[in-house]
Amino acid sequence: LLRRLENVTVKQGTVDRLHRFLRREIFFSHRDIEKICELLEGWYGVSPPPMDGDHDVEMTTEATPANTPTTPCPIYLYTGRGPSSAAMHLGHLVPFLFTAWLQKAFQCPLVIQMTDDEKFIFKGEYASENSGDGTGANGLDPNRTGDNLDYFANLTTENAKDIIACDFIPDKTFLFSDLDYVGRMYPNIVRIWKAVTVNQVNGVFGFDSSANIGKTAFPAIQAAPSFGSSFPNVLGGGNGGDEVANPATLACLIPCAIDQDPYFRLTRDIAHKLVPSHHPLQGKPSLIHSKFFPPLQGAQGKMSSSDANSAIFLTDTPDDIERKIKQHAFSGGQDTKKKQEELGANLDVDVSYQWLRFFLEDDDELIRIGKEYGSGSGEHWSTGKVKAKLVAVLKDLVEEHQERRNAVTDEVVKQWMTERCIL
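Residues numbered from 1 in each chain as written. Predicted model: local features only at pLDDT ≥ 70, side-chain atom pairs only at ≥ 80, totals over all residues. Heavy atoms only, no water.

## Some points on the layout of surface pockets
Item 1. In this structure, the largest pocket spans a volume of roughly 1300 Å³.
Item 2. Forming the boundary of the largest pocket are 39 residues, of which Arg81, His92, Ala257, Asp259 and Gln260 lie nearest the centre.
Item 3. For the lining of the largest pocket, the element with the highest residue contribution is helix α4 (residues 90-106), accounting for five residues.
Item 4. As a volume, the second largest pocket reaches approximately 530 Å³.
Item 5. Elements with a contribution of two residues or more to the lining of the second largest pocket: α2 (20-23), α4 and α15 (383-406).
Item 6. Split into classes, the residues belonging to the lining of the second largest pocket amount to nine nonpolar, one polar and nine charged. (1 Å grid on protein atoms, 1.4 Å probe; cavity = no way out; pocket = protein on both sides within 12 Å on 5 of 7 lines; lining within 4 Å. Points joined across faces, edges and corners; volume = space filled by probe spheres on them. Helix = DSSP H or I, 4+ residues; strand = E, 2+ residues; numbered from the N terminus. Nonpolar A, V, L, I, M, F, W, Y, C, P; charged D, E, K, R; others polar.)

## Concerning the packing of aromatic side chains
Any aromatic ring pair is given by two values, namely how distant the centres are and how the planes are angled relative to each other.
Item 1. Evaluated as defined, the whole model comprises 25 aromatic pairs.
Item 2. Arranged with centres 4.0 Å apart and planes meeting at 25°, the rings of Phe27 and Phe98 form a pair that is stacked. Pair noted here: Phe27 is in strand β1 (residues 27-31) and Phe98 is in helix α4, with a separation of 71 residues, a long-range link. Each member of the pair, Phe27 as well as Phe98, carries the same accessibility label: buried.
Item 3. The structure contains a cluster of three or more aromatic residues connected by ring pairs, namely Phe21, Phe27, Phe98, Trp101, Phe293, Trp355, Phe358 and Phe359. (Phe/Tyr/Trp six-rings, centres within 6.5 Å; stacked < 30°, edge-to-face > 60°. Buried < 20%, exposed > 50% of the residue type's maximum accessible area, 1.4 Å probe, protein only.)

Okay, here's the thing in structure tokens:
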């Protein structure tokens, strides 16, 4: 499968090599990726690579591109973010980094859903004393409600800046808020509601009779962008002009963490009811899943926006990064120098090494660090040495991200969120 992905990316000259997340099996499972490859092979006019032989994928390859396609890409990417805090952390960044690479590799359109509605449904609050009293005192809206829906809507803008800073292709990316765009998707949302029972939703997500109706209704809203017909102008070029492509027949690929799979298993079960019979995947979205990004405290910890020491945030300073890694990153090393030299570190539980697997680009260097740390010998024999390497990598990563984010103004966000054709 990696060879087929290489055949429609590296071999076509769109990227230099397969992403490290693929090379290291951080994105480790999938649904129907082979069908996505088949569509792209047809688009480029190339044959699948031979499957005989046991040799590994060539991770860096000379490009031998076929004729440049003259029709729109037959697939699009879909990912999203639930804006629950103003500051995103590195765990949030992982799927966006990979999606940005996929977009460049496939040269395809991308839609990014901001689920501000979901966060309000699950975490919103109401306080009667916050509702408007009709006077407009202190410059507040006299007709405001007592809930905090606007809070989550405002977080969309802040999170959008971090997402845009991940270096997507502007002309091929549409970023949208559910609160703003849901009208376009509503026909498909209604179709999904009709096709799925409450028992199915409760069985997948564990809701009971105490759940508000929004919780049971929301899965349809997250499922709707899986269908190109939810974007008649964005993926079809309608908008009063000639249609560039047929959005109803585009195949969708969703990069996501493995815990998002239940949403889309449900979607795949009923997908055939929302598409024409000649859809290449019968409407089913294809998925590629990532492993969980470990929290600083290790397997027993949890990254949380309410605990500043549980993660590296994209707003952290270099000093913050160094302090958090040195003080809070769980170590798989031994208690003493003697034991470390005798036994080496347990790389499977060591957070610093695991984070290097996510963010250190050089494969040879990663292998060397793993061998040295795992055996307690060489330059990176100790936890301190490995943590120091991680600190250097993360400082560069976060600094570059912050520089790109600082260039993203509210006006830039508005441009990215403007409905337009991105084919």
